[in-house]
Structures are given as C-alpha cells and as structure tokens.
Amino acid sequence: MGQRSGRQERSKKLELALSETMKAEAEVQNNKEEDEEPKAKDQRLTSVFGVADLKNEAIGLYNVGLSCCLNSLLQVFLMNIHFTGILRRITVPPHAAEKRRNVPYQMLLLLEEMQCGKQKAVSPTALACCLSVYRVKLFVQHDAAQLFLTLWNLIKRQMKKPQLVEELNDLYTICVQEHLACQKCSSESKRNSSMLTLPLPVLDSSSHVLKTLEDCLQCFFHPEELTDHNMCFCEQCGRKTPFLQSMKLVHLPQTLTIHLKRFCFEKSADIHKLSHYLPFPQDLDFNAVLTENQCQADDNEKAAWKYELFAVVAHSGSTSCGHYCAYIRSLTECKWYCFNDSEVCQVSWDDVKCTYGHSNLHWGETAYLLIYMKKHPQ
Amino acid sequence: MAQWQEVQSLANAYLEQVHQLYAGAALPMAVRQCLAAWIEDQNWRQAVEPLSSHARMLFHSLLALLGERLGSPGLGDEDFMLKHNLRKARRDLQAEFEECPEKFANLVANLLQEERRILRLGQAGEQGGAALAPGTPPESDREQQIRRRLAEFHVALQEAERAFRHLEDLQDAFDFCFKVHYLPGEDRTSDPQYAQQVQALQAKLQILDRQRREVLAQMQQLLGRSETLRDFLQQELGAWRERQQRACLGAPTDTRLRPLETWFTELGQGLFQLLQLLRALGDLRQKVTYERDPLKAETPLLERRLRELLSYLLQSAFVVEQQPSMPNAYKRPLVLRTATKFSARARLLVRLHDRNHRMEAKIHIDRDPPKIKGFRKFNILTSSSKTLLAGDSPQDGLVCDFQYLTLKEQKDSRSGKGSKGTGEGPLVVTEELHLITFTLAYAYCGLELELETSTLPFVIISNNNQLSSAWASILWFNMLSSDPKEQQFFSAPPPAPWPRLAEVLSWQFESVAERGLSREHLLMLAEKLFGSKPPLENTLAWPKFSKDGASGFSFWAWLDGILGLLQEHLKQLWKDGLILGFVSRKQEKKLLKGKRTGTFLIRFSESILGGVTCTWVEHPTSGPPAFRAVVPYTAAELASLALPDIIRDYQLLVEENIPENPLQFLYPDIARDEAFGPYYSQRQEGNLMEQKKYLNRRLIRVSSRQANESCKTEEELVAATENLEALQLQPGGLGTQQPGGLALLQPRTSGTLQPRDRGTLHVTSGNLGMLQPSSPGTVQGMAASPGMLQPGGSGTLQPGPQGLEPPRPQQVGSGVSEMLQPGIGDLEPQLVLQLVPEGQGPLQVGPGGMGPLQVLHGGLGILQHAAPEDQGTQQVGPGGLGMVQLVAGDTGMLQQVGVGDAGLLQPVLGPVQLLLLPEGQGTLQPELRDLEPLPGSPDMQELLQSLTEGLKPGSGTLETLEVAELMPDMLEVMNGGLEGLGPRLAGGTALLDPHDPFLPQPEDTALPTVSSLFTAAGDFPPLHIDANDFQ
C-alpha cells in the first residue's frame, strides 16, 4: 500500500504502465520471427491445460518472508486458466542459469509443483529468488497493484514467443482513448493508450466518499476540466487555455484488473488507508455503467463488456504494515477460495462481501484489486 | 462431533465413497475406527514436513497404541476377527512405513482431508434434503449459515491451537539444541562436526520459522472468517432491532434475544481464545527470536485487528432489551410520564465476564441533548447506576435491569423562562424526543471497553391527556426513522407513505383488539385521507396526521378515539368481525341498497370522536331506499349499556306507531339475534312481573324548537323525532344494577354547536331505586332516595353556551318521576323536561326553549315544564368568551360547569345548584365540551353562521345534522377535561389555579387533546371553578 497516488497522480500512473507496455511491445517486434509454432497446436494445448488446472484442491503458498502480497498475486495468476494456458506454452530456457532467472519458467515450475503434489502448500522460494534478481525484494512490503505491474511486465518481457506475448497482451490490456479539447477553440487531440489496471478513485473530486464501484467507474471516466494552473498550451490559440480532459473506453480485455485507490494523503506526506464501505458487484456490465460518449467502441466490442468477478486481492492493516490475502473463484469449479499464504479454504460470496470495507473498522480486510473475467470470451 | 462419528452417520451414497477411499489405502479402516479420536487429534500435516521427527514419533505412538489395544481385555474374545485384523494391520504398517514415517503421516493427512471433503458433500446433501422434509422449523438461511460457520470456526480454532502446541514443541526442541550446540565464543569453523551441528540447527530454525508463519496464516484465515461471521451476526441483530421497533408499534413479531445471545457468546468466546493464543505467540517470541521473525511483524498487526473486531462485536452486543415503558402502559411503550415509575433493561449479548471484576452500568438521560430551544431537561430519580448482575444461572445472561425509575423535570429546564415558561421552543412536548443511554464499563481478559447503547427515543409527558398525541409521535418516529439518535426528528418530520402507515395503523387495532384492519378498512381510510387518488403513491404529512383535521380533531385523534372505544367496549365484537367499522357513507349506501329493509351495519362515526353507530336501510313502498343512522354512541353511553343490548332493544319512535326495532339483519344478512345473541347481557325476563312495583325506564328524546320560531308544525316535529334516537331500556333487574340511567343523560349534548344532539333528552322514569352515578359525592346523596326528583342534582342541565340561533340542547334527567321539586322551572327558559312513565307510549317532544312546552304524562308522572317563556331573559355568552352562561332574568344565573372526578360543582350566582354527574371514571367526560369557548375568529363565526343557516330549514334531516357535526373545535373531547379547559378559557378569564402542577402547559393543549383509554383513575384533582370567571 505504499503507492503514491491521489487524483492528480492518475496520469503519471498511466505513463508508468504505458512505458512498460511500450517497451514490451518493442520486444514483440524483435521476437516476431521466433514465432514458428502453428496456431492450431497452441489452441489444442490451451484447451487441454485449461481443463487440467485445478484438478486438485486449491494449494496454498508458504509465506517466505513478507511474501503475502506476492503469494496473493501468484494465486490470482495461476488460478486464471487463460493465463496458465499461455504460461504452459513458454519456451524453456536452455541453460540452468537462465532457468533460474526466467520468471515465467519459475512460475510454471511453481504451478507444476502446486498441481502434482498432494501437499497443502508449496514454497515459492525459487520464484522469489528469481524475482529478487529483478529488484523485487523479499522481506519488503509490496503494494499489490505495483507488484502486479512489475510481475506482469517481467513475464511479458521474458516470454520469447511473440505469439504468447500478443496473447498475454490481449488477455490483460485495456485500451482507452484520451481526449484533450481546448475550451476556447474546440480543437481536440486524441491519443490511444493502454493500461493494465483501471486505477479507480474511491473519493470524488470534492473528496466525498463514492458509494459503489459503479460510481467509481463513472467518476474515473468523467471528463475533467483543466483550468487555472492546470491549463494547457493550445497551439491554435497560441496560449494557455482551459482544456477538457476526458477518457473514452475503447477495448476491455478478457481479464480486467481494477485497482481501488484506497488511500489518501491527509497532510501532504502522511498516507492513510480508506477503509470505508464500497460494494462491488459479482456481475459487472460496463454498458450499464458508462454512458454512450464515455465509450469509443463498436457494438460488437461493447456486447462483450459483461464481466464476472474472478478474484479479489484484499488488504488488512494499515499502510505501513498489513497483510494481503486473495479471494479467488475457481473457474473450473465455480467455487470461491480464500488464500491466506499457506492456508486455503473454501468460502462463499458472503466472505468475499466482507471485503467491501467498513467505515468503523480500520484493520479488517478491504478489497484492493478486483479482477473481473469476461463472461463470454470472444 | 468427532469426524469419524460424523462420517459413519453419512447417507449410504457417501458411505460408499468412504469405503472406496479406504479400500485402496494402506491404513485399514479397522485401525482408523479403533484409534479414531487419537488419529483425529494429531497434526499429521505438520508431521509431513521433511526433517521432522514428528512423523516418526506419531508413527510409533500409533503402533504402541495399537499394541495396547490388542493386549487390552476390553476387546476380549468377543471380537476375535477384529483383533486378528488389527494385529495384521500393525505388522503391515510397521513393515511398510518403518523407514519412511513421513509417508505414513502424509497418507493419514490426505485420508483425513478426503474424509472431510466427503463429509462436507454429504452434509450439504442432507441439508438440501432436510429442507424438503416437512415439520422442520423454518430457519432462515442466515441462521443456518451462522450455526454452520460457528461450528467451522470452532474446528478451525482447535486446529490453530493444535498448530500452536506443535510450534511450542518445535521451539522447545530448537531452544534446547541451540543452547547445547551453539557455542558462539569459540572459533570452531574448522570443526566439521560443529559445522554439521550448526547446519542442523539452521535447518531446525527453518522449520520453526515455517511453522510460525503457518500459525500466523491460520490466524489470518480465522480472523477473515470470523469477520464474515460478525457481519452475519450484525445483520441478524439489525433484523432484531427492526423487529423490536415494530413490536414497539404493536406488530406481532418475535423479539427473543436468546439465539442471538448464544451466537454472540460463542463467537466472543472464540475470539477471546484467539486473543489468548496471540498473546501466547508473543510469549514464544520473547523466548526465541531471530532476524525477520514473522511474529515480530505480524503479531501486533493481528492483535490490533482482533481487538478491533472484539470491541466492535462487544459494542454491538450491548442492546436495550426492553425499551423504557411504564408498567401499565398497555402496549404503548416509550411514553413516560413524569413522576410515574418506569423501567428499562439492557443486555450484553456476549455472556462473558470476569467474576472477580465488578462491572458498573449507568444510565443517562439526554447525554447529548439536541440544540432545540426550550428542550426540557430531566433528571432520573432513584439510582442511575448499578452493578451488572450475572444471574445466578448462566442462562440469565448479563443484564442491567433498571426498574422503579422516575423522571423529574429540572427546575431551570426551559432556559430562561422558568419552569412554566410559555414554551417558545419549536417543539411541543409530545414531539420532544428523549433518549436514555446505558453505559457499561466492560473488562474481560485484559480488554477494557466502555460499552454504550441507547434506547429508542421516547416522549415525556406530564399528563395523561397527552398520552394519545405522544403515542402518535412514537408511531411516526418508529415508522419512519431508522436512526434512533435522531432526536430532532420532529423539527422536520417526513411524510409517511401510505402503505407503511396503513400497516402501522392496522397493528394498532391488532394490538388493542386482536384484529387488524382489512383491505376495505384501509381503502376507506385512504379515501378519507387522500380522496380518490390511488393510495399507494400517497404520503401523509405529520401535521395532517396528528394536528389538523377538518372536523376539529385530527385523523389520529379520531382513530385513537375509536381505539379507545374498542378497547373499552367493543373488543369482542371487533375481534369477531361484527363491526364493519370503517365504511364511508357512500360505501354504506352501496352496501345496504340491495339489502332488505332492516339490514344494518355498525360503523364508526366520522364526525365525533370515539363514536359508533348503526345504519339501516328502509325500503319505503315508493321512492328510493332510505338510510337511517343513529346518533353515534360513545364510550359514555356504552358504559351503561353495551352495544349488543342497545341493538337488541333499539326502538324507533314514529308517530302513531308502535315502536319497533328497525335493526333486523346484520349486514350482509344475518339475523340480529343470531349475530349478537352470544353478546347480549343476561336479561331477567321472569322478574318483569315482580318488578311491577317499579316503573320501567325508557330513554326518550326531546327536540327543542329553534329559538326564533314560535311554533312548529306537527310534521316537522315528527321528522325531528324520527331522526333522533329512541331508546328503550328494559327494566334491568334491580335498581342497583343501573348506575347508568342517569349517567346516560349527560354527556352527549355538547352545546349548540352540535345540533345533532339538539333536542335529545333522555329522561329516565321509573324505578331507579338507587341512583349511583359512578363518582362519589354529592350527587349520590341527592339521588339516593326513590321518589325524590332532584333535577338539579341528578339531572343535567346543559344549556347551550354560545350565541347561536339554533336551539340549545337540553337535557334533563330525573331520577324519579313521582315528585318534582319545584323551582327548577324558573331557572330554565330553555329547558324541556319530559318524563315518560312506563307504558305511556311514544312521547312527543316539545319544541325548544321559547315555545310552549308539550309535556305528556302518564298516570304516574308529573309533568313539568320548566321553561316558561317569560320567566326570564336568556343571555347567551359571547362566542369568544366561551362560557356557559344562562341568565334567567332576575332568577339569577345558571352556571354549568363540568366537574372532574370529584363531582364538585360550585356555581356561584345562580340560585340553583347544578350538578353534573361525571361518568364512570376514566371515561369521557364530554360535558366539558360545553365549556369550550369558540375560538372567536371571524371565519369560525362565519362557519357557525352558515351552519346555523343550514340548520334552519331542515333541522330534522340527517344530512343537515351531519354538516353540523363537522363543526370544528366543538367535538373535542376533554379527557379529565380540566386540563383542556384551563388554558382555553385562560384567554378571557383565568380560573385555574396556576400553581396546580397538573395543569398542562399552554402548548400542550395546542394539540387537540383526546380522550384516551389509558387514563388511570384518580389522576385529576377536583377542579374548582368560579362562575365569575366566565364573564
């Protein structure tokens, strides 16, 4: 939860995700020629592995040193059959040293270990060591949203096959179009960009508590006027003018990650957690939430914007110290599980609802990342 | 229940799965069965860990136990086969797992896990099946879930404790090794043995660390699940609160706390156990810690989370079990009267406390008083603190029971205005909401908290006549507010949606007379309130409910009047559905039109408070059907004669006709006696002859002519008669049985403003051997001897008070007809007295005051006309002053004054003393209405004027009378009337002792005061009124 954020940080945050994404995209270009495998085979594999996942009970991951955050995210990745379908097709690095440093490969090993053994939990030590090579340190409290981006970018960068990279992109990236319109001369500039998460504010622009997830989405896509010292330079007008900044949704991926920015700065430096009640639905239809001019997509695309909650990464405690756990709805059994490091138990929707938050309880679990899954994959 | 036992009780399909599970397993089922409890109690999962000696220890323990069993005589010879199997199993196990006990531990752990899975499936299946089985008590999903989760929570807690013990063992082992083998001072890096030992030590530390993390993860998981459980309990508690609020409104709901108490206690107990476990973890850290010790970082976090959870649980577990109420408030809690005892009780649903620690509970009233000007402040008398008692048996729970509390208003209560300030605050007392807060200093297991809970808001009144409107406030609040701390609710009371209001109104009837309102009733009420608009979308504003009303009283006052009437007199009839009750005139005609002559229905009067009437249909030979209705009976009449008896004996007097009972069939078509037979009071028909020496009594009526008319045609008179009621009383046994004969006379004539009463005269003739007006006092003495008529005493003189043209109603009752004391006549230019001896046939009633009086008399009676025209001038008090004043020329003045319970009257100027008989105690005393002044505002005068005009032409018709009934302000019934009386008259001449503590504040009476059934006897002191004051 150490993430700096707040309203004004939104664009900065986007850039971070973008720059990572662009780098990855560049790599895709480089690796294109390696894509030799026929597509049909891939698809067959996907289906086989997809079903094979989770033939056992859900397996826990031992905490190997403040790794609850990593553990929760790993569970979210590995319980996602769409992701493991990609993961299982990676090229195994030839050398032992490379193997140790290859994040996707280590993840795959971990997955295998979780699935084959009859142990109740396995230890992600090897993966944790591998990650520490990339400055993802152990014994450090991570912010789940940040770690998710880092992890995802690492995976993407180290996947050699462009085909897989593309699939991974398709699976996770959200496409939006940013509009910037001068209020004086009505000249408009557009920019397409992609994001890995929708970083939703939980307070509106006047710091009032937003009531539901839908409200947060509305608020996120609500046009913002840039006036006073936020004014931008308009080339047509030749001076700084007030602008209207808005964002339109272009494309939503199969796995949609929503980041609830449950923190705020009270007195400049001091960040504290917002634990108020914020319900989120099990079924989310973006067409019902966003208005016509908040979208920039054809009917086909929009028809697919019906989502089902797949996982919740919840945080308990304060910004300085806390604990993460993950609630994941198994895609094969359609049952909810709660993953608390090595402890896994089957739960119900009522337990998940407990992560809505509570304004009087500051130490309880509150949802931090919401992962929604498209109901009817295209 | 132990797992293995539960497994065995599974349904066959699931048992089959268990058999399959063991068929291929290396652990024979015989062993599982034989050592079931021990096997379940071990932590096999932990034993699986590599490098752990735990598995080996477990394995050998198992073998040893098996050996013990084999040798024990318990098995004896009776199960030779079993013994053989066990022996074989022991040998096999030893052979197979001796070298790798971890494998065995893994095997057992997996078997147990699989068992649990089958068990879950089986139990879920059973629950599904059980839900279909008939006869199972309906239990909500949530209740089931709570029970299931509580059970799961306990199992998980036990597992955590087991894991903790294992951790302790590991730590002890490590600690020992560490102390023995680790020798830091010396440089022994070259010693390979030492290096090996350090390595082993390092491995042990790794295992210890993992175990610590595992225990922590378990606790995190436990806390997560208990949060869900807490949410469930919270929801249940919320539902209970709602039920309690509804129950306060009279809804029939279940407000038991026992299940909640059990659940809260169980969860609380579990969480406290967890807290202790956490502390024990802290102790472990004290003994052994190392770099990046997970306990160091996570225990404080867990403890804070747990403490927060516990505090929240305890805080919400402190509830007001019994809302403040007066002991005899009869289903109307939350209305408290100063200086009257009341009680309230709070309960802590978490039944855990330290017996050595005294917990003190306190109560406070209005701890954070709302900032409303003039908001009264009160003190709670008697002790406001109490040591929390845990009942002798644990069943009783932790209860703070405050009884015998009383409230006293603080001297300087209304800021700046003195105790009897003019009350300029925006809220009247019945809209002032007060709160009592309970606090409890709770301490248990090192957790110290100040718990706090508040009652629902209540209204504090100082007098019973405020009870009805206070209750209206309570209804409104609890119907519309879910925030019990909203003391300023009535600063801007929201309107009530009709469906909600309808439900609440129905509860009122249900709680008073065990039968709610039907759809038709509610439709009629909705129509009355909203006209023909669809009622579902309508809302009713608070003032419209409780304050204004076209008929001079509010909607609520009207309903409460009816409730009072039902409670006192009509409970059984209402309960059995004989009273149609709420029927509009239009509807009533529609219903009766198609019925045969003599079909009648009983409905509540819409024009007077607490009145019930019968309407019947007549089909004349030609012309449209006629509908007749009796002037409504109020509690006063019904007190003397029950409604079924009235219906049985009802007679309609028609000129030159034999009186007949027009009430033949109860709507829709039930013969009268069939419908009401069970409710008739016992008649002593046989006594009729014996009673011959007495006269029968009969109530008749008198119609008085309009003042400016010198004569009236016969037809008019007849018409007037027809529309009025004729009542015949059968001789009801002995004289003592009829206290009501006279009492009946008084209450209904309420002055000129109620022309429907005009001319109604009840005269009792005959055998009232004993007059027993219900109030003691002078009256009784006067009426005691038969043969004496003391019209001044036992009869009532009720000259109309106000200056209206219509004739004033006059009522005279006389106890006995043989003798009349002279002298009344000259007082009463207006008075019409008619005595009807038995058997004299219908009586024709003389016209009003100015005209000559017709008096019929029979053999026994003496007729007296008390109102010679020229005997005196009549002075009518000005409307504004509103006093009753009759000046009878030089004969002096007649003062009529209503009296409270004591029945004391002191007219000063008049030569004649009039005594009004108070009705039975605690019932209506409507005679006081006569004393009410007219508001004197121009529009009121206009209204009166128009009314008067309206009355002139057709004073005999029902319709006109109804118009008259709508006169505002005239129909207000004073309960114990004095309170209402004072302030109203105060405008002109104050008369009431201002120091009387029972007098209400002026603003109290700004609301229509309404009679209530909840009046206790003896609440009001006698009132002394000086006639001078009325001028």
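Residues numbered from 1 in each chain as written. Chains lettered and ligands numbered in written order. Predicted model: local features only at pLDDT ≥ 70, side-chain atom pairs only at ≥ 80, totals over all residues. Heavy atoms only, no water.

Asks: Sorry if this is basic, but what is going on with the overall build of chain B here?
Replies: Check the secondary structure of chain B and you find 29 helices and 25 strands. Counting every position in chain B, which comprises 1031 residues, the buried fraction comes to 56%. Long-range contacts, defined as pairs at least 24 residues apart, comprise 72% of the intrachain contacts of chain B with a sequence gap of at least 6. (Helix = DSSP H or I, 4+ residues; strand = E, 2+ residues; numbered from the N terminus. Buried < 20%, exposed > 50% of the residue type's maximum accessible area, 1.4 Å probe, protein only. Contact = heavy atoms within 4.5 Å.)

Asks: Sorry, what's going on with the UniProt feature "coiled-coil region" (unreviewed entry) in chain B here?
Replies: On the UniProt side, "coiled-coil region" (unreviewed entry) is annotated at positions that read residues 198-225 of chain B here. What you have in residues 198-225 of chain B is 100% helix and 0% strand, and the ends, taken at the C-alpha atoms, are 40 Å apart. (UniProt positions renumbered as here; feature names shortened; annotations may be inferred.)

Asks: Help me out: how do you make sense of the sheet that holds strand 10 (residues 436-444) of chain B in this one?
Replies: Strands in a sheet are paired, the pairing made by backbone hydrogen bonds, and the direction either parallel or antiparallel. All names here are of chain B. Taken together, 4 strands build an open sheet; the order of strands is 6-4-10-11 and the sheet is antiparallel. Each end of this open sheet is capped by a strand with a single partner; those strands are strand 6 (385-387) and strand 11 (447-454). For this sheet, the mean angle separating the axes of adjacent strands, direction not counted, is 20°. Sheet topology note: the strand 4 (residues 360-365)/strand 6 ladder contains 3 bridges and is antiparallel. Bridge pairing in strand 6 places Glu 360 opposite Thr 387. (Pairing = 2+ DSSP bridges. Axes fitted to C-alpha atoms, helices over the stretch in contact; angles between N-to-C directions.)

Asks: Looking at this structure, I do not really get the packing of aromatic side chains. What am I missing?
Replies: Between two aromatic rings, the relevant description is the distance of the centres plus the angle of the planes. Under the defined criterion, the tally for this structure stands at 41 aromatic pairs over all chains. Ring centres 5.3 Å apart and planes at 50° place the aromatic pair Trp 476 of chain B and Trp 542 of chain B in the tilted group. Highlighted residues: Trp 476 of chain B in helix 13 (residues 467-480) and Trp 542 of chain B in helix 16 (residues 542-546), separated in sequence by 66 residues. Taken as a pair, Trp 476 of chain B and Trp 542 of chain B share a single burial class, namely buried. Of note, Arg 210 of chain B hangs over the ring of Tyr 62 of chain A, and the distance from its end group to the ring centre comes to 3.9 Å. Over the ring of Phe 139 of chain A we find Arg 292 of chain B, and its NZ or CZ is 3.9 Å from the ring centre. (Phe/Tyr/Trp six-rings, centres within 6.5 Å; stacked < 30°, edge-to-face > 60°. Lys NZ or Arg CZ within 6 Å of the ring centre and 35° of its normal.)

Asks: What is the right way to read the interface of chain B and chain A from this model?
Replies: Interfaces are often described in size by the accessible area the parts lose on coming together. Facing 28 residues of chain B, the contacting portion of chain A comprises 37 residues. With both chains or domains summed, chain B and chain A bury close to 3,000 Å², and 51% of this area falls on carbon and sulfur atoms. When the area that chain B buries against chain A is broken down by residue, the three leading residues are Gln 221, Leu 301 and Glu 308 of chain B, summing to 20%. Run the count over chain B and chain A and you get 3 salt bridges. Glu 365 of chain A serves as the salt-bridge partner of Arg 305 of chain B, at 3.0 Å between the closest nitrogen and oxygen. Run the count over chain B and chain A and you get 17 residue pairs in polar contact (both at pLDDT 80 or more). For the side of chain B that touches chain A, the per-class residue count stands at 4 nonpolar, 8 polar and 16 charged. (Buried area = accessible area lost by both parts, 1.4 Å probe. Salt bridge = Lys/Arg side-chain N within 4 Å of Asp/Glu carboxyl O. Polar contact = N/O pair within 3.5 Å; in protein donor to acceptor, adjacent residues only side chain to side chain. Nonpolar A, V, L, I, M, F, W, Y, C, P; charged D, E, K, R; others polar.)

Asks: Please clarify how helix 17 (residues 555-575) of chain B should be interpreted in this entry.
Replies: Residues spaced three or four apart along an α-helix face the same direction, because each turn holds 3.6 residues. Residues and elements named next belong to chain B. Over its 21 residues, helix 17 runs only 22 Å from end to end, short of the ideal 30 Å by more than 12%, given 1.5 Å per residue. At His 569, helix 17 is bent by approximately 95°, the largest bend along its length. For helix 17, a buried count of 16 out of 21 residues is recorded, marking the element as mostly surrounded by other parts of the structure. Of the residues trailing helix 17, Gly 577 is marked for its positive phi of about 75°. (Expected span 1.5 Å × (residues − 1). Bend = angle between axes of the 7 residues up to and from the residue.)

Asks: What's the story with the pattern of salt bridges in this structure? I'm lost.
Replies: A side chain with one charge can pair with a side chain of the opposite charge if their charged atoms come near. All names here are of chain B. Evaluated as defined, the whole model comprises 40 salt bridges over all chains. A salt bridge links Asp 41 to Arg 162; the nearest nitrogen and oxygen atoms lie 3.3 Å apart. Residue Asp 41 is located in helix 4 (residues 36-41), and its partner Arg 162 is located in helix 9 (residues 141-181); the two are separated by 121 residues in the primary sequence. One continuous salt-bridge network, built from bridges that share partners, spans Arg 258, Glu 261, Glu 321, Arg 345, Arg 347, Arg 351 and Asp 401.

Asks: Any chance you could explain the sheet that holds strand 4 (residues 188-195) of chain A here in plain terms?
Replies: Residue and element names in this part refer to chain A. Sheet architecture is open: 4 strands sit in the order 4-3-9-6, paired in antiparallel fashion. With partners counted over all chains shown, the strands left at the sheet margins are strand 4 and strand 6 (224-226), one partner each. Here the average twist between neighbouring strands, direction ignored, is 25°. Relative to strand 4, strand 3 (residues 174-182) runs antiparallel, the two being bridged by 8 bridges. Across the sheet, the residue bridging to Glu 178 is Arg 191, located in strand 4.

Asks: In this structure, what is going on with the environment of Arg 307 of chain B? I would like to understand it.
Replies: Residue and element names in this part refer to chain B. You can see Arg 307 is positioned in helix 12 (residues 294-317). You can call Arg 307 partly exposed: its relative accessible area is 28%. Separated by 140 residues in sequence, Arg 307 and Leu 447 place their C-alpha atoms 7.9 Å apart. Sequence-distant contacts of Arg 307, that is, excluding residues within four places in its chain, are made with Leu 275, Arg 279, Gly 446 and Leu 447.

Asks: Teacher, can you tell me more about the pairing of strand 1 (residues 318-325) of chain B here?
Replies: Successive side chains on a regular strand alternate, one facing one side of the sheet and the next facing the other. All names here are of chain B. Of all 8 residues making up strand 1, 6 are buried, and the element is well covered by its neighbours. Across 5 bridges, the pairing between strand 1 and strand 3 (residues 342-348) is antiparallel. Opposite Gln 322, over in strand 3, you have Arg 345 as the bridge partner.

Asks: I tried to follow the packing of helix 6 (residues 103-116) of chain A against helix 8 (residues 144-158) of chain A on my own but got confused; where do I start?
Replies: Axis angle and axis distance: for two packed helices, these are the angle between their axes and the distance between the axes, and together they describe the pair. Residue and element names in this part refer to chain A. Between helix 6 and helix 8, the least distance of the axes is 7 Å, while the angle of their chain directions is 105°. With respect to their mutual orientation, helix 6 and helix 8 come out roughly perpendicular. In this structure, helix 6 uses Val 103, Pro 104 and Met 107 to contact helix 8, whose residues at the interface are Leu 154, Ile 155 and Gln 158. Here the contact of helix 6 with helix 8 is built from residues that sort into 5 nonpolar, 1 polar and no charged. (Parallel < 35°, antiparallel > 145°, perpendicular 65-115°, else oblique.)

Asks: So what exactly am I meant to see when it comes to the environment of Met 479 of chain B here?
Replies: Residues and elements named next belong to chain B. Assignment of secondary structure puts Met 479 in helix 13. Under the relative-accessibility criterion, Met 479 is labelled buried at 5%. Taking C-alpha positions, Met 479 is 9.6 Å from Glu 503, a pair spaced 24 residues apart along the chain. Not counting chain neighbours up to four residues away, the residues in contact with Met 479 comprise Leu 249, Ala 496, Arg 500, Leu 501 and Val 504.

Asks: Quick question: what am I supposed to make of the pairing of strand 3 of chain A here?
Replies: Residue and element names in this part refer to chain A. Among the 9 residues that make up strand 3, 7 are buried, leaving the element largely enclosed by the rest of the structure. Two successive antiparallel strands, strand 3 and strand 4, enclose a turn made up of 5 residues, where Ser 186 displays a positive phi of approximately 55°. Looking at chain direction, strand 3 and strand 9 (residues 243-251) are connected through 8 bridges and run antiparallel. Looking at the pairing, Cys 175 lines up with His 251 of strand 9.

Asks: Is there a simple way to think about the confidence of the model for chain A in this case?
Replies: As a note on interpretation, predicted positions should not be read in detail where pLDDT is low. Residues and elements named next belong to chain A. Residues at a pLDDT of 70 or more form 83% of chain A, whose mean pLDDT is 81. Mean pLDDT in chain A bottoms out at helix 1 (residues 10-31), which sits at 38, and peaks at strand 18 (residues 366-374), which reaches 94. In the predicted structure, residues 1-56 sits below a pLDDT of 50 and forms 92 contacts with residues beyond four places in sequence or in another chain. (pLDDT = per-residue confidence, 0-100.)

Asks: Sorry if this is basic, but what is going on with the side chain of Gln 106 of chain A here?
Replies: All names here are of chain A. Here Gln 106 is to be found in helix 6. One polar contact links the side chain of Gln 106 to the main-chain carbonyl oxygen of Lys 99, over a distance of 2.9 Å. Here Gln 106 is in contact with Lys 99, Arg 100, Ala 126, Leu 127 and Cys 130, once residues within four sequence places are set aside.

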